[in-house]
Each structure stands twice: as structure tokens, then as C-alpha cells.
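Here's the letter readout for the chains.
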Amino acid sequence: MIGHQKLQVQLAQNGAHSLILEGTAQIGRRVLAQWYAQLLNCKSPVNGQPCGACVSCQNFAAGTHPDLLIVSPKEETSTGKKARSSIIPISAISASHDTAKDHEIHVLDWLETAPRYRHKVVIVDGASFLNESAANALLKSVEEPPHAARFIFITEDSSGVISTIVSRSVRYRVAPVPDVELERALPEQPPRILEFAAGRVGWVLQAARVAAQLALVDSLLAAVKGDLLDAFSAADAFEKGYERDLSPQVLRFALRTWPMPAQVKADAALSRAVEALERYATPNLVFSHLALELRAALTS
């Protein structure tokens, strides 16, 4: 693991059955949660670290641990299309509510059986995306976890998590990893990648993906300063390469070089485009309109 050593020490001493890891995306929250789940089930921890050699640790390394369940928003809709909004519905929690059979495993049913090793661990990656009925369905298990189960809720901001879960959990803030640690662990990274990452180790580990998005955004912002047909062509390329979790961040990062009045208008235009996509507006129209608004932001 890159960074978070002090937090690892705190977690190793934690005895709570429910905790919240709070911090920005790509900062290492899920890796930290999986590390903690491995530690909880390790047969012979060494100095607060999983031994890496027992059968439980080997299962974690293989990604096949029977006592770990990760719940997160689905990336695709029931029709196979890429989801444009994020939600963890009650159907992921309770089989009785999954009438469409969208989920193979349901949290409450999974918790009914005893762990194979020490603790069953449920990681909810995106706790703020639990809708109210899903969060309420989980609440009794969080209050009285069966078979000494543990819950780890991952979120960017705990204020977005239902208050009854927050009040029953121990909160830990996951901080950005200092650049000096990133450069020591992952040397020879382009300065622009490190600048964009801002301590979010996940983006440094995905440097090629970030670089591709930076290239798309650079082309778009250069094109909107010139010919209108070039702007529409660049918007089309941006649409084809658009990634919901990354593209808006990269565009906002690149906009920082624009004059502040133009930057404010462009940021608002991007927010409107993201909202339109979440409402399933026609992507081609959304991105073409975004290009027009970016042009207008520069000239007004």
C-alpha cells in the first residue's frame, strides 16, 4: 500500500463493528478497506499487518475470499447500457426486494451464514449512494451484526450518508498521499499527472488513462478557440472518450489556465452537461452544446 501508514496503525487497534472511511475518490480508500478486511481475517498478523502466508491471506491475494463482500453502484443498467447515475438500491441488500433478479448476492442473506474464517466483512464502496430504503434495510445488521460481521462504509463525505449509520460507525478521514511518498513509490511520473492527482494515488496508478483524458481535453479546449467545425469535431471525440468518473475532473483541471470569469462560466456549463447526461439526454447534443458554451465563455 502506498501511504496511509498512520491510519493503518489506528485501524489495527480499532474494535468497532462499523466504520466509515471518508475521503476523496482514488485516494486509496478501497485498498485500505480491503487491507483491513484481510487483517481482520488473518490467522497470524505480524506487527499489525496481515501475514500474507495463511490460507485466508492467500484467498485475499487471489481475490476469492469467501468472507468479503463488496457492494457498489452498478456500472451498467439492466439493459446492458452504461449507467449514467449511481445508486445502491434495496434490491442489492435484500433478496425479497430483488424481483428483477438484478443481483446474485444480497447482503442480508450473505450475512446469515457464519464466516469461514474470523469475520465476514461488508465493504460498501459508495455509502452516499445507498438510497434511503437500502440504508434502512442495513441498519439492524449494522446495529447488531450477525456472526461478529464488520461493516466498512466508503464515502467522499459522511454528510451524504444516512445519519443513523454515521452515528453507529467510527469515522476515519483518509488524507491525500504526499507527493514525496508518491514519487518515492512511483518514480518518474510526469509532473502534470502528479499535479492532477493531488495526492490521489489511484490516479497516479492509472497515469496512462489520465494522460489520454488530458490529451482529449487539451484538444477540445484548443478547438473551441478556433473554427466552429473543429470545435464540434473535438466535442465528438470527447464524447467518444468520455469517462464519467474522470473526464469532468480532467476538464475542470485544464480549465484552471483560463481567466477566472471564463473559468466560472465554463465550469457551470460542464455542470449542466453532466446533469443532462445523468438525465439520459442525447449525448451528441450535450457535447455539442458544451462546445458552444465553452466558446461563449471565452468570448463573453
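Below, the structure is looked at part by part. Computed from a predicted structure; not experimentally measured. (Residues numbered from 1 in each chain as written. Predicted model: local features only at pLDDT ≥ 70, side-chain atom pairs only at ≥ 80, totals over all residues. Heavy atoms only, no water.)

So, the overall build of the protein chain
Phase 1 of the analysis: Broken down by element type, the protein chain carries 14 helices and five strands.
Phase 2 of the analysis: Summarising its shape, the C-alpha atoms of the protein chain cover approximately 65 × 50 × 35 Å along the three principal directions.
Phase 3 of the analysis: Every one of the 300 residues in the protein chain was classed for burial, and the buried ones make up 45%.
Phase 4 of the analysis: Within the protein chain, residue pairs in contact and separated by at least 24 positions form 67% of the contacts whose partners lie at least 6 positions apart.
Phase 5 of the analysis: Total accessible area on the protein chain is roughly 15,100 Å²; 54% of this is exposed by carbon and sulfur atoms.
Phase 6 of the analysis: In the protein chain, the 30 positive side-chain charges and the 31 negative ones have mean positions that sit 3 Å from each other. (Helix = DSSP H or I, 4+ residues; strand = E, 2+ residues; numbered from the N terminus. Buried < 20%, exposed > 50% of the residue type's maximum accessible area, 1.4 Å probe, protein only. Contact = heavy atoms within 4.5 Å. Areas by Shrake-Rupley, 256 points an atom, 1.4 Å probe, with all protein chains shown as cover. Lys, Arg positive; Asp, Glu negative; His and termini not counted. Charge placed at Lys NZ, Arg CZ, Asp CG, Glu CD.)

Structural notes on the sheet that holds strand β4 (residues 150-155)
Phase 1 of the analysis: The five strands are arranged β2-β3-β4-β1-β5 in an open sheet whose pairing can be described as parallel. For this open sheet the edge positions go to β2 (68-71) and β5 (170-173), each flanked by a neighbour on one side alone. The sheet shows a mean angle of 20° between the axes of neighbouring strands, taken without regard to direction.
Phase 2 of the analysis: Pairing geometry for strand β3 (residues 121-125) and β4, over five bridges, is parallel. When the bridges of β4 are listed, Asp125 appears paired with Ile154.
Phase 3 of the analysis: Its contacts with the sheet put helix α1 (residues 5-12) on β1 (18-22) and β5, and the angle it makes with β5 is roughly 170°. (Pairing = 2+ DSSP bridges. Axes fitted to C-alpha atoms, helices over the stretch in contact; angles between N-to-C directions.)

Description of the side chain of Ser94
Phase 1 of the analysis: With respect to the element layout, Ser94 can be found in the loop between β2 and α4 (107-111).
Phase 2 of the analysis: The class for Ser94 is buried, based on a relative accessible area of 10%.
Phase 3 of the analysis: For Ser94, the side chain forms a polar contact with the side chain of Ser96, separated by 2.8 Å.
Phase 4 of the analysis: Look past the residues within four positions of Ser94 in its chain and what remains in contact with it is His106 and Leu108. (Polar contact = N/O pair within 3.5 Å; in protein donor to acceptor, adjacent residues only side chain to side chain.)

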